Amino acid sequence: MILKVRDEQDFNLTMKQNIDCEKGFIELLVTAWDKVAHTTETRVFSAEKFRDALDYYRQKEVEMFNEAEAPQQKREFRVKTPLGELRIQAKHGGGDILTDYPGVYVDLIREGCDPEMIACVEYDSHDGRILTTVYDIGHDEPTVIHHYDLDEEEEA
């Protein structure tokens, strides 16, 4: 059963629900079809992960149809700690474009103090890896860590 579909000249994005009564399962499939490049990408979610499937569909909408931001997509949240609140926010308020270093900032917010940036975690659009930059008070230079090269397989 098709739940959502967006079909335009260069791209097609579909969210479907598959039900197999004999095997007793329900799954959700989000399929992105690039008509120009002749490629498809399908991601499968269990029925319990409906919210994740919907969020993924919205993320693909932003990427494929070059929209500023998918509706209802959260761009910031906070976590309380004994030292203050950690604020995690998207680097770009208008949406994530793969060529523009998409990622998040992590700030520590303490009462009576200015927010302090602790880290920036982002996709390095130049070399195709995840880049973490960690900032520490008293150090002039941040610590930079590269993770996960998309061209290499992950080691077990």
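All chains use their own residue numbering, which begins from 1 and follows the written sequence. Residue-level local features of this predicted model are given only where pLDDT is at least 70; pairs of side-chain atoms are given and counted only at 80 or more, and the full residue set underlies all totals for whole chains, interfaces and linings. Note that the side-chain values use all heavy atoms of the structure and ignore hydrogens as well as water.

### Overview of the packing of aromatic side chains
Consideration 1: Only Phe, Tyr and Trp rings are paired, with Trp represented by its six-membered ring, and only when their centres lie within 6.5 Å; those with planes under 30 degrees apart are stacked, over 60 edge-to-face, the remainder tilted. What the rule picks out here adds up to one aromatic pair.
Consideration 2: Considering the side-chain rings of F45 and Y56, the 5.8 Å spacing of their centres and the 50° angle between planes classify their relative orientation as tilted. Separated by 11 residues along the polypeptide, F45 in strand β4 (residues 39-46) and Y56 in helix α1 (residues 50-65) bring together distant segments of the chain.
Consideration 3: When accessible area is computed with a 1.4 Å probe and restricted to protein chains, residues below 20% of their type maximum are described as buried, those above 50% as exposed, and intermediate ones as partly exposed. The exposure class assigned to Y56 is buried, which follows from its relative accessible area of 8%.
Consideration 4: By the criterion adopted, a ring carries a charge over it if an Arg CZ or a Lys NZ lies within 6 Å of its centre and within 35 degrees of its normal. Above the plane of the ring of Y56 lies R43, whose end atom (NZ or CZ) is 4.7 Å from the centre. Here a strand is any run of E in DSSP of at least two residues, a helix any run of H or I of at least four, and the numbering for each starts at the N terminus.

### Focus: the layout of surface pockets
Consideration 1: As defined here, a cavity is a set of points on a 1 Å grid over the protein atoms alone where a 1.4 Å probe fits but cannot get out. A pocket is an open set with protein on both sides within 12 Å along at least five of seven lines, and residues line them when an atom is within 4 Å of a point. Grid points are joined across faces, edges and corners, and a volume is the space filled by probe spheres set on the points. Quantified by volume, the second largest pocket comes out at close to 170 Å³.
Consideration 2: Lining the second largest pocket we find 11 residues, and of these A32, D34, E41, K60 and M64 sit closest to its centre.
Consideration 3: Put simply, the parts of the chain that give the lining of the second largest pocket at least two residues each are β3 (25-34), β4 and α1.
Consideration 4: In the scheme used here, Gly and all other residues not listed as nonpolar or charged are polar, with Ala, Val, Leu, Ile, Met, Phe, Trp, Tyr, Cys and Pro taken as nonpolar and Asp, Glu, Lys and Arg as charged. Each residue belonging to the lining of the second largest pocket can be placed in one class, and the counts come to five nonpolar, two polar and four charged.

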